[in-house]
Amino acid sequence: VADGSDRSRRDRRRLDRSWLDRSGRDRSGGDETPVTIAIPTYNRPGFLERALRSALAQTHAPVEVLVMDNASEDTSWRELPELGDARVRTVSHASNIGVVKNWNAAMAAARGDAICILNDDDVLHPSFVEVTAHLLEEWPQVGMAFCQARRVDCMGTPLGLWWNTAHDGVIH
């Protein structure tokens, strides 16, 4: 019986995580891909290379890295050596479908149970997936996570921290 306490509200919001495994694969064989890092990109091979390196350097394994090319005119990204890594998969659209549809396509193409959207001009700390996956497992009622970010310029020079302090860091 719900008594209106914080505990009962949390229990009502508890999520059934079974929907996260959309693949229908048998997970008993050890071929799990618990996390997909999706990198939407368009005409920025230099930035994409840095994003790819940070995704592949994650301490948490296994990870799928999904490059979602939005019909880039500059096709030099296809020559990046990181694309030869078995964890990387690419999807190229025939025409530019826009940012939001490219994100949606990434969500649909992802094989992981959890998805991280990494913009091509961003990089991840090596332990980002490990820490975030642990927190999501520890609090199964949570359906989304975000964190503080370090802002840097295109040369990697630190510009300070970014943090959304609205609602004390809680999205309502």
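Residues numbered from 1 in each chain as written. Predicted model: local features only at pLDDT ≥ 70, side-chain atom pairs only at ≥ 80, totals over all residues. Heavy atoms only, no water.

K.L.:
Lay out the overall build of the chain with the relevant residues and their values.
P.N.:
Helices and strands together make up the secondary structure of the chain, namely four helices and six strands. Reading the chain from its N end, one meets helices and strands in the order α-β-α-β-β-α-β-α-β-β. Residue burial in the chain is summarised as follows: out of 172 residues, 30% are buried. The contacts of the chain with a sequence gap of at least 6 include a subset with a gap of at least 24, amounting to 68%. (Helix = DSSP H or I, 4+ residues; strand = E, 2+ residues; numbered from the N terminus. Buried < 20%, exposed > 50% of the residue type's maximum accessible area, 1.4 Å probe, protein only. Contact = heavy atoms within 4.5 Å.)

K.L.:
Give me the confidence of the model for the chain: which residues, what numbers.
P.N.:
Of all residues in the chain, 75% attain a pLDDT of 70 or more, and the chain-wide mean is 78. Confidence scores differ between elements of the chain, with helix α1 (residues 6-13) showing the lowest mean pLDDT of 38 and strand β1 (residues 35-41) the highest of 96. (pLDDT = per-residue confidence, 0-100.)

K.L.:
I'd like to hear about the pattern of salt bridges, residue by residue, with values.
P.N.:
This structure, assessed with the given rule, holds six salt bridges. Glu 82 is the partner of Arg 53 in a salt bridge, and the nearest nitrogen-oxygen pair spans 2.9 Å. Of this pair, Arg 53 sits in helix α2 (residues 45-56) while Glu 82 sits in the loop between β2 (63-69) and β3 (88-92), placing them 29 residues apart in sequence. For Arg 53, a relative accessible area of 47% corresponds to the partly exposed category. When its relative accessible area of 11% is taken as the criterion, Glu 82 is described as buried. Note that Glu 64 and Arg 89 form a salt bridge whose closest N and O atoms lie 2.8 Å from each other. In this pair, Glu 64 is assigned in strand β2 and Arg 89 in strand β3, connecting sequence segments 25 residues apart. One salt-bridge network, in which partners are shared between bridges, spans Arg 44, Asp 120 and Asp 121. (Salt bridge = Lys/Arg side-chain N within 4 Å of Asp/Glu carboxyl O.)

K.L.:
Outline the environment of Arg 111, supporting the account with residue identities and numerical values.
P.N.:
You can see Arg 111 is positioned in the loop between α3 (99-109) and β4 (114-117). For Arg 111, a relative accessible area of 45% puts it in the partly exposed group. Along the chain, Arg 111 and Val 65 lie 46 residues apart, while their C-alpha atoms are 9.7 Å from each other.

K.L.:
Any details on the layout of surface pockets? Residues and values, ideally.
P.N.:
The method is simple in principle: a probe with the dimensions of a water molecule rolls over the atoms, and the space it marks as empty is what remains. As a volume, the second largest pocket reaches approximately 180 Å³. Around the second largest pocket sit Pro 40, Thr 41, Tyr 42, Arg 44, Asn 70, Asn 96, Gly 98, Val 99, Asn 102, Trp 103, Asn 119 and Asp 120, which together line it. For the lining of the second largest pocket, the secondary-structure elements that each account for two or more residues are β1 and α3. Looking at the lining of the second largest pocket, its residues break down into four nonpolar, six polar and two charged. (1 Å grid on protein atoms, 1.4 Å probe; cavity = no way out; pocket = protein on both sides within 12 Å on 5 of 7 lines; lining within 4 Å. Points joined across faces, edges and corners; volume = space filled by probe spheres on them. Nonpolar A, V, L, I, M, F, W, Y, C, P; charged D, E, K, R; others polar.)

K.L.:
If you had to explain the nonpolar core to someone new, which residues and values would you point to?
P.N.:
Burial of nonpolar side chains together is a common tendency in soluble globular proteins. In this structure, Ile 37, Ile 39, Leu 52 and Val 65 are the most contacted members of the largest nonpolar core, which totals 19 residues. Those elements giving two or more residues to this core turn out to be β1, α2 and β2. The element that contributes the greatest number of residues to this core is α2, accounting for five residues. Filtering out sequence-adjacent residues up to four positions away, Ile 39 remains in contact with Leu 48, Ala 51, Leu 52, Ala 55, Val 65, Leu 66, Val 67, Met 68, Leu 118, Asn 119 and Asp 120. (Core = buried A, V, L, I, M, F, W, Y, C linked by side-chain atoms within 4.5 Å.)

K.L.:
Could you give me a rundown of the pairing of β2, with the residues and numbers involved?
P.N.:
Taken across its seven residues, β2 has seven buried, putting it largely inside the fold. Here β2 shows a buried face lined by Val 63, Val 65, Val 67 and Asp 69 and a second buried face lined by Glu 64, Leu 66 and Met 68. Regarding the hand of the β-α-β motif, the stretch spanning β1, α2 and β2 is right-handed. (Right-handed = clockwise from strand over helix to strand, strands pointing away.)

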